[in-house]
Structures are given as structure tokens and as C-alpha cells.
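Topology and contacts: notes
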Amino acid sequence: MKEMQIKKNFDKNDTLVVKGIAILLMLFYHLFESRELLETLQVNHAPFSQETFLTLSGYGNICVAVFVFLSAYGITRGLMRERELTPARMMEGAAKRCARLMGNFAVMYLSINLLWFRYFNYAGLYGKGWQGGMLGIVDMLGLAQFFGTPTMNMTWWYMAVAILIIFGTPFLYLLTKKIGNYVLILAVLLPLAVSLEEGVERYLVTAALGAAAAQESWFERIFSWKRNRLWKGLLGLGLIAVSVLIRQNYMVHTYFLWIVDAPVALLLCWFGGEIAGRIPVIRQVLAFFGRHSMNIFLVHTFFYLAIYRDFIYSFRQAGLIFFALAAVTLVYSVVLELLKTGGRALGRKALHFRKGEDPDRQIPGKGKE
């Protein structure tokens, strides 16, 4: 077996591949998360026994930890590239990142409500009058979890976690610069010492691991191990199998998930970046799903629980059910992104024309790019 070319770092393409793995795990988990669901909807999960199938589907909720790890890792890498980094500049960057997140969320919210408004009882959810309107705006901005106000979608609780990561990771970065990997000890001890918000308590260790992995160049060190592709692939699959058995153990899942999820997320990121991300076709498919992972994350609950529930589960075979939900959510996201791209282009044209400029006019002396 030829030696595989050694990767030097964990780049944006690797991030997309891992996001693709994570979002597919999420769909698998939510579609088949309980025994009652499998039996009520007569899902055929052959060749796996029901117990094994539920173990595999339960492992799928590692997806959130993977997203948390990637977010903390990516933000830390961005901060490391800054030459003059002040607290004010860090918060300015976090505020811009948060504004983009909330803006994209609001567009998704509006698209769902414009297309499928007949499925929702707004007065029953938010209440009537201006107060109901205000609660709707809070939900539209992804802030319902922060304020404990009504929300259209239970999956949107992650928005609170995402915003906390955006503003909290700069502090993890500064702390990691001071004490290095010892930040992980503090991340484990803090939830034991004080009561934290549920999302923070659950994913603090994972975020700290992401920040440490970026600051201490963990992936660069792991990627430097010289082994052939087959050996690394088999090792990765073996470690993932072991992680399934450990993570889905009842005791671990009940009491230690907030710690165990961190190294499992690291494992999946390594496997996605160095193994799955090096296989043609698989790499492109996963990266494509990864590019649309946020939209899929935010809307898939509508599709499999309400809007297309009968259609999706009508296939009976677990593989076909999974494919149906993946396809429906991906098509939605692709169309939404095309509309957003077109809207931004029209907005830029309108701005140029308002200033008396022609955006289509070629600048004299400048050739086509």
C-alpha cells in the first residue's frame, strides 16, 4: 500500500467534511431515536437487531458536540491569525459573527413561515396582539432559549449554545494561551464546583478541547504520524466502534456524557479530516452536506415531525427513510442559499445604482478576471 501524502493541518475543507458527517448523524439519530417510534411506524431496521440499531442511532447525537468542537476550534484558529488582538477587537469580531448567525437564522425562519404557515398556530404558540408579535421576533432571532420564550422548533435550543460559543471562545483562547492544555482540567472542575446553564455544562469540556486542539496544534501532530492509508483507516474505524460501545453504555451516557463527548468529537474530526476526507466522491458528498449543515440542522425537525412526516416514513426501510429526509432537507437548503445569493446580488446592484454607479460596467484598463 502506498504511503498517503501527509496532511499538514485541519483546513476548511476538512471542516466541511466533518460537518457533513455530523449532520448525517443527527438525521439518523432523530429519525430513529426511540423503540416506540420504530414500532409505531413499523420501521424495518434489518440487518440490525432493534437493540443494536437503537445503539447506533443513539450515538448520532454526538453531532452537537462535533459542531461545538469545530466552532471552538475554528474561532480559536481565527484569533491566532490576528496580529494585534485586543479584548475590544475580540468582542467586535464575536459581535459580527453573532450578527451573521442571527441574520441567516432569521432568513431561514421567514422562509419556513412563508412556505408552510398553514401548519402553525401562531396565536396558540406566541399569543395574540403585539405581545405575540414580540415573542415571534425573539424566536425569529434565535433567542427564545435565552429568554425561555415560546419557540416553533425544539431543535433551535442550539442557537443559545452557538451564541455562547461565539462570545465564550475568545476567553478560552486567552486562558489556553496562559496555561495550555491545563484548561481542560478547569473545564472539567468548573461544572462540578458551580451550577451552570445546561448547555454550558454539557459542552464546556468539548469547547475547551476544541480551543486547546487549535492552540496546541493537535491535528498537525496527529497528521504527522507516518502510516499508510489502510492502517489509519482500520485504526479509525476500530476507535469509532470502541467509542460507540463506551459512549452508549448506560452509566457513561447517564453520568459522564459531558466529559466523554469531547474526545469522541475529536476522534470524529480526525477521522473525517484524514480518512473520510481523503476518499474521492465521499469527500465531495460529505463536504456538500457540510456546506448546508446549518440549514439542515435548523429545519429538519419540521420535515420529519410535521410537514413531510407521512411521506418520509412511508418508505418503511430505515435506509430509504434516512435518504428521503436527507434529500428533502438538502434540496430546501440549496434553494434557500440560491435565493439568498440572488437577493444579495440584487441588493448590491440597487446600492450601486443608488450611488449613480453601473455595477455591470467594466472598469477602463482592467481586463476580465
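What counts as what
- Residues numbered from 1 in each chain as written.
- Predicted model: local features only at pLDDT ≥ 70, side-chain atom pairs only at ≥ 80, totals over all residues.
- Heavy atoms only, no water.
- Helix = DSSP H or I, 4+ residues; strand = E, 2+ residues; numbered from the N terminus.
- Rg over C-alpha atoms; globule rule 2.2 N^0.38 Å.
- Buried < 20%, exposed > 50% of the residue type's maximum accessible area, 1.4 Å probe, protein only.
- Contact = heavy atoms within 4.5 Å.
- Areas by Shrake-Rupley, 256 points an atom, 1.4 Å probe, with all protein chains shown as cover.
- Lys, Arg positive; Asp, Glu negative; His and termini not counted.
- Charge placed at Lys NZ, Arg CZ, Asp CG, Glu CD.
- Core = buried A, V, L, I, M, F, W, Y, C linked by side-chain atoms within 4.5 Å.
- Polar contact = N/O pair within 3.5 Å; in protein donor to acceptor, adjacent residues only side chain to side chain.
- Arc of directions from axis to C-beta.
- pLDDT = per-residue confidence, 0-100.
- Expected span 1.5 Å × (residues − 1).
- Bend = angle between axes of the 7 residues up to and from the residue.
- Salt bridge = Lys/Arg side-chain N within 4 Å of Asp/Glu carboxyl O.
- Phe/Tyr/Trp six-rings, centres within 6.5 Å; stacked < 30°, edge-to-face > 60°.
- Patch = residues over 30% accessible without salt bridge, like charges linked within 9 Å, V, L, I, M, F, W, Y side chains within 5 Å.

1. What to know about the overall build of the protein chain
Across its full length, the protein chain holds 18 helices and 0 strands. In terms of overall dimensions, the protein chain is globule-like: its C-alpha atoms have a radius of gyration of 22 Å, near the 21 Å expected for 369 residues. Buried residues in the protein chain amount to 46% of all 369 residues. Restricting the contact set of the protein chain to residue pairs at least 6 apart, pairs at least 24 apart contribute 77%. Within the structure as shown, the protein chain displays about 20,100 Å² of accessible surface, and the carbon and sulfur contribution to it stands at 64%. Treating the 38 positive side-chain charges of the protein chain as one cloud and the 24 negative ones as another, the clouds have centres 7 Å apart.

2. Concerning the nonpolar core
Membership of the largest hydrophobic core comes to 115 residues, with the highest contact counts inside it found for Phe32, Val66, Phe69, Met108, Tyr158, Phe219 and Phe303. Once residues lying within four places of it in the same chain are set aside, the contact partners of Met108 are Trp156, Leu298, Val299, Tyr332 and Leu336.

3. Observations concerning the side chain of Ser57
With respect to the element layout, Ser57 can be found in helix α3 (residues 50–59). Looking at Ser57, the relative accessible area reads 0%, which means it is buried. Only 3.1 Å separates the side chain of Ser57 from the backbone oxygen of Leu54, close enough to count as a polar contact. Every residue in contact with Ser57, bar those within four places of it in the chain, is listed here: Phe28, Tyr29, Phe32 and Glu33.

4. A few points about helix α15 (residues 282–291)
Inspection of α15 places Leu286, Ala287, Phe289 and Gly290 among the buried residues, and these make up the whole buried set. The buried residues of α15 occupy an angular sector of 160° when projected down its axis, which confines them to one face.

5. Observations regarding the confidence of the model for the protein chain
Per-residue confidence for the protein chain gives a mean pLDDT of 91; residues scoring 70 or more make up 93%. Note that residues 363–369 has pLDDT below 50 and, in this model, 2 contacts with residues that lie over four places away or in other chains.

6. Some thoughts on helix α16 (residues 293–307)
With 15 residues, α16 ought to run about 21 Å at 1.5 Å a step, and its terminal C-alpha atoms sit 20 Å apart, in line with that. Of all the bends in α16, the largest measures some 45° and sits at Val299. With respect to burial, α16 is a largely interior element, 12 of its 15 residues being buried. For α16, the complete set of buried residues consists of Ser293, Asn295, Ile296, Phe297, Leu298, Val299, His300, Thr301, Phe302, Phe303, Tyr304 and Ile307.

7. Some points on the pattern of salt bridges
One pass over the structure, following the stated rule, counts 8 salt bridges. Of the charged contacts, one joins Glu220 and Arg77 as a salt bridge, the two residues approaching to 2.4 Å between their closest N and O atoms. With Glu220 in helix α12 (residues 218–223) and Arg77 in helix α4 (residues 63–81), this residue pair connects regions lying 143 residues apart in the sequence. Here Arg77 falls in the buried class, since its relative accessible area comes to 18%. Arg202 is the partner of Asp261 in a salt bridge, and the nearest nitrogen-oxygen pair spans 3.1 Å. Of this pair, Asp261 sits in helix α14 (residues 250–274) while Arg202 sits in helix α11 (residues 198–215), and the two are 59 residues apart along the sequence. Residue class for Arg202 comes out partly exposed when judged on its relative accessible area of 24%. Connected through shared salt-bridge partners, Arg202, Arg247 and Asp261 make up one network.

8. Digging into unusual backbone geometry
In this structure, the amide linkage connecting Ala46 to the following residue, Pro47, adopts the cis form with an omega of 10°. Within the secondary structure layout, Pro47 lies in the loop between α2 (35–40) and α3. In the Ramachandran plot, Ser217 falls in the positive-phi region, its phi being about 55° despite a non-glycine side chain. Among the residues examined, Ser217 registers a relative accessible area of 26% and is labelled partly exposed. With a phi close to 65°, Arg316 is a non-glycine residue in the positive phi region. Along the chain, Arg316 falls in the loop between α17 (309–313) and α18 (318–354). Assessed through its relative accessible area of 37%, Arg316 is described here as partly exposed.

9. Considerations on the packing of aromatic side chains
Following the criterion strictly, the structure yields 27 aromatic pairs and no others. Residues Phe10 and Phe219 carry aromatic rings whose centres are separated by 4.5 Å and whose planes lie at 15° to one another, so their mutual orientation is stacked. Placement of Phe10 in the segment before α1 (12–31) and of Phe219 in helix α12 is noted, with a sequence separation of 209 residues between them. For the pair Phe10 and Phe219, a shared accessibility class is recorded, and that class is buried.

10. Details of a nonpolar patch on the surface
Together, Leu175, Ile179, Tyr182, Ile185, Leu186, Leu189 and Leu192 give the surface a local cluster of nonpolar side chains, amounting to about 680 Å² of exposed area. Where the nonpolar patch is concerned, the elements lending two or more residues are α9 (158–179) and α10 (183–193). Looking at the nonpolar patch element by element, the count peaks at 4 residues for α10. Summarising the element assignment, Leu192 is placed in helix α10. On the accessibility criterion, Leu192 (61% relative accessible area) is exposed.

11. Focus on the environment of Pro150
For Pro150, the position within the fold is in the loop between α8 (144–147) and α9. Assessed through its relative accessible area of 27%, Pro150 is described here as partly exposed. Distance from Pro150 to Val188, taken between C-alpha atoms, is 32 Å for residues 38 residues apart in sequence. Excluding residues within four positions of it along the chain, Pro150 makes contact with Leu125, Tyr126, Leu135, Asp139 and Ala144.

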